[in-house]
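One-letter residues, chain by chain:
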Amino acid sequence: MSEGYARLLGKDVPDERLDQLCRELVPSGKAYWFAFREQASVLPQRLEDVGDAVTQPWEELRIFWDAAELTVEQRGRGNLVLLWSETSWDDGEPAGGPWEAVKSRRFLRGTAPQEGLPGYPEAWVEVRCPRPLDYRGLAAEQGRVPRAEVWEYRERGSGRLIHVRYAGLRTGRKEVRQNASS
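Residues numbered from 1 in each chain as written. Predicted model: local features only at pLDDT ≥ 70, side-chain atom pairs only at ≥ 80, totals over all residues. Heavy atoms only, no water.

## Examining the side chain of Arg-7
Here Arg-7 shows up in strand S1 (residues 2-13). Among residues more than four places away in sequence, those in contact with Arg-7 are Val-81, Leu-82, Leu-83, Trp-89, Asp-90, Asp-91, Gly-92, Glu-93, Pro-94 and Ala-95. (Helix = DSSP H or I, 4+ residues; strand = E, 2+ residues; numbered from the N terminus. Contact = heavy atoms within 4.5 Å.)

## Concerning the confidence of the model for the chain
Taken as a whole, the chain shows an average pLDDT of 81; of its residues, 74% reach a score of 70 or greater. The least confident element of the chain, judged by mean pLDDT, is strand S8 (residues 124-126) at 54; the most confident is strand S4 (residues 60-65) at 95. (pLDDT = per-residue confidence, 0-100.)

## Here's the deal with the environment of Glu-100
Following the sequence through the fold, Glu-100 ends up in strand S7 (residues 93-107). Looking at Glu-100, the relative accessible area reads 26%, which means it is partly exposed. Beyond its immediate chain neighbours, meaning those up to four positions away, Glu-100 contacts Met-1, Ser-2, Glu-152, Tyr-153, Arg-154 and Arg-156. (Buried < 20%, exposed > 50% of the residue type's maximum accessible area, 1.4 Å probe, protein only.)

## Comments concerning the environment of Ser-104
Structurally, Ser-104 is set in strand S7. Through-space distance from the C-alpha of Ser-104 to that of Glu-149 is 6.3 Å; in sequence the pair is 45 residues apart.

## A look at the packing of aromatic side chains
Given two aromatic rings, their pairing is described by the distance between the two centres and the angle made by the two planes. Inspection of the entire model under this criterion finds eight aromatic pairs. Ring geometry for Phe-34 against Tyr-166: centres 5.1 Å apart, planes inclined by 70°, an arrangement best described as edge-to-face. Of this pair, Phe-34 sits in strand S2 (residues 32-37) while Tyr-166 sits in strand S11 (residues 161-173), and the two are 132 residues apart along the sequence. The class of Phe-34 is buried, set by a relative accessible area of 13%. We note Arg-37 situated over the ring of Trp-58; from NZ or CZ to the ring centre the distance is 4.6 Å. (Phe/Tyr/Trp six-rings, centres within 6.5 Å; stacked < 30°, edge-to-face > 60°. Lys NZ or Arg CZ within 6 Å of the ring centre and 35° of its normal.)

## Let's talk about the pattern of salt bridges
Tallied over the entire structure, the rule returns 11 salt bridges. One salt bridge connects Arg-156 with Glu-3, and the closest N-O pair in it is separated by 2.7 Å. Of the two residues, Arg-156 sits in the loop between strand S10 (144-154) and S11 while Glu-3 sits in strand S1, which places them 153 residues apart along the sequence. Given a relative accessible area of 36%, Arg-156 falls into the partly exposed group. Salt bridges linked by common partners bring Asp-19, Arg-23 and Asp-49 together as one network. (Salt bridge = Lys/Arg side-chain N within 4 Å of Asp/Glu carboxyl O.)

## Here we look at unusual backbone geometry
Pro-98 follows Gly-97 through a cis peptide bond whose omega is 5°. Note that Pro-98 resides in strand S7.

Following this line, the structure appears as structure tokens:
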């Protein structure tokens, strides 16, 4: 069984320091990110440049790779920055844990279109409300679905979910569950 930890890297981190902090911690070419604010969002995708992620005023920003996740929440003029991982890091001060860490996966929205969409050659499609979904770095392939590799941090004993730490993006076959009574 694995354990999950949270480290507080800062409570009022200014944007300039956030950029520097991310460049120090995030492995180049191996990370993904997603973010949102009231009027915009970025779906999970490959992180090409840390500056692209941290220069926008996001309400919440998550940068993740196989070993850890950096969670940034906008708080007034600064940012609350937490590092989530299954290993205990020396950076920052303890912010919680250890919790039980269980590896899992979450399927993301979208299916591969029969033909590519004009202007979105690798896009997935949301069929309930038709629109392209751009998970950059995950090419849409017939018979496969986008999914996130995650670690669920759960409270020991009660099993209460504390945090879902993203670890990567992949495509996989859609698993169809059969009804047990059939």
